[in-house]
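Residues per chain, in single letters:
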Amino acid sequence: MTSAASVRRVRLHEWREVRDLRIEAVGDPDASIAFLTTTAEELARGDAFWQARTAGAAMGESGAQFVAIVDDAWVGSATVLLREPGSRDHLGQEVVVRRADVVGVYLSPAHRGRGILGELFAGAAEFAAGRGTDALTLDVHTENLRAQAAYRKLGFTPTGVTFTSVIGPELEMRRPFRAAVPG
Ligand SMILES: CC(C)(COP(=O)(O)OP(=O)(O)OC[C@H]1O[C@@H](n2cnc3c(N)ncnc32)[C@H](O)[C@@H]1OP(=O)(O)O)[C@@H](O)C(=O)NCCC(=O)NCCS
């Protein structure tokens, strides 16, 4: 099935949509092997948090959030974050080489299996490629087999790095920008 979604970067005023899609995502049945935060944590955040997050996601130079929209409904999202050498990543590790990490990957159940993920990642790659990086990197729970399969279809391969986060065992995957995507 092909996508009929429109994919674009979020806009400054869309903090309510950003909030609502994140709250939907962390309520997904697979959320415990997909996201580092819980529904309770997301619901506890005030409007100012979502406004600030959306400002960065829409206008920032160090990250961008891409969303998929079908018939005016927000049905998917992926965020790319640039990590600078010397900074600490989301796991507290020191970043050695500038990196582009994709986080917060989510599609509403009715819109899975339609190729929308590839369009979200194309947006992330385009953003990162213009900012001194040569690959996208992401972390995925070892039991999240659907996500791993989806990432492999998009050309990602495991780097060999494994670690334990707050949600359990995870592995790192990476895709150079010019990688051939398996047909
Ligand atoms: C992960 C996610 C974004 C993937 O998007 P998607 O549109 O569902 O992905 P696709 O359907 O293109 O690819 C998934 C592949 O896994 C396969 N698959 C489904 N369930 C599977 C399972 N339990 N084990 C192995 N493979 C599985 C699908 O058949 C498909 O392969 P195919 O196209 O060859 O049939 C989406 O499923 C999602 O939002 N899941 C919940 C949140 C999440 O896990 N986010 C990722 C956090 S790292």
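Scroll up to find the structure.
Residues numbered from 1 in each chain as written. Predicted model: local features only at pLDDT ≥ 70, side-chain atom pairs only at ≥ 80, totals over all residues. Heavy atoms only, no water.

Asker: How should I be thinking about unusual backbone geometry in this particular structure?
Answerer: A negative phi holds for most residues other than glycine; trans holds for most peptide bonds. Positive phi outside glycine occurs at Asp 71, with the angle close to 50°. Along the chain, the position of Asp 71 falls in the loop between β2 (63-70) and β3 (73-83). Residue classification places Asp 71 among the exposed residues on the basis of a relative accessible area of 75%. In this structure, Asp 72 takes a positive phi of about 70° despite not being glycine. With respect to the element layout, Asp 72 can be found in the loop between β2 and β3. (Helix = DSSP H or I, 4+ residues; strand = E, 2+ residues; numbered from the N terminus. Buried < 20%, exposed > 50% of the residue type's maximum accessible area, 1.4 Å probe, protein only.)

Asker: I'm lost on the sheet that holds strand β6 (residues 157-165) in this one. Help?
Answerer: Across a sheet, strands are paired by hydrogen bonds formed along the backbone, either parallel or antiparallel in direction. Taken in spatial order, the seven strands line up as β1-β2-β3-β4-β5-β7-β6 in an open sheet, and their pairing is mixed. Looking at which strands have only one partner, the edges of the open sheet turn out to be β1 (6-9) and β6. Recorded for the sheet is a direction-independent mean angle of 25° between the axes of neighbouring strands. Note that β6 and strand β7 (residues 168-176) share six bridges and pair antiparallel. Bridged to Pro 158 within β7 is Met 173. (Pairing = 2+ DSSP bridges. Axes fitted to C-alpha atoms, helices over the stretch in contact; angles between N-to-C directions.)

Asker: Explanation requested: the nonpolar core in the structure shown.
Answerer: Proteins that are soluble and globular tend to have nonpolar side chains buried together. Formed by 32 residues in total, the largest nonpolar core has its most connected members in Val 80, Phe 121, Leu 136 and Tyr 151. Those elements that provide at least two residues to this core are β2, β3, β4 (99-107), α4 (116-129), β5 (135-141), α5 (145-153) and β7. Excluding its chain neighbours within four sequence positions, the residues that come into contact with Val 80 are Ser 62, Gly 63, Ala 64, Phe 66, Ala 100, Asp 101, Val 102, Ala 124, Phe 127, Ala 128 and Leu 136. Membership of the second largest hydrophobic core comes to 15 residues, among which are Ala 31, Trp 50, Ala 57 and Val 67. (Core = buried A, V, L, I, M, F, W, Y, C linked by side-chain atoms within 4.5 Å. Contact = heavy atoms within 4.5 Å.)

Asker: Would you take a moment to explain the site of the ligand for this structure?
Answerer: For the ligand, the set of nearby residues contains 18 residues, the closest of which are Val 105, Leu 107, Gly 113, Arg 146 and Lys 153. In the model, an oxygen atom of the ligand is placed 2.8 Å from a nitrogen or oxygen of the Arg 146 side chain. Protein contact buries 70% of the 940 Å² of open area that the ligand shows by itself. Contributing elements (two or more residues each) for the shell around the ligand: β4 and α5. Among the elements that take part in the shell around the ligand, α5 stands out by supplying seven residues, more than any other. Here the shell around the ligand is composed, by residue class, of 11 nonpolar, two polar and five charged. (Near = heavy atom within 4 Å. Polar contact = N/O pair within 3.5 Å; in protein donor to acceptor, adjacent residues only side chain to side chain. Areas by Shrake-Rupley, 256 points an atom, 1.4 Å probe, with all protein chains shown as cover. Nonpolar A, V, L, I, M, F, W, Y, C, P; charged D, E, K, R; others polar.)

Asker: So what exactly am I meant to see when it comes to the packing of aromatic side chains here?
Answerer: What describes a pair of aromatic rings is the distance from one ring centre to the other and the angle between the planes of the rings. Under the defined criterion, the tally for this structure stands at five aromatic pairs. Ring plane angle 90° and centroid distance 5.0 Å describe the contact between Phe 49 and Trp 50, whose orientation is recorded as edge-to-face. Taking the relative accessible area as the measure of exposure, Phe 49 reaches 29% and is therefore partly exposed. Note on Trp 50: relative accessible area 0%, which makes it buried. Consider the rings of Tyr 151 and Phe 156, whose centres lie 6.0 Å apart with planes at 55°: the pair is tilted. The residues Tyr 151 and Phe 156 share a single accessibility class, namely buried. Sitting over the ring of Phe 127, Arg 131 keeps its end group 3.8 Å from the ring centre. (Phe/Tyr/Trp six-rings, centres within 6.5 Å; stacked < 30°, edge-to-face > 60°. Lys NZ or Arg CZ within 6 Å of the ring centre and 35° of its normal.)

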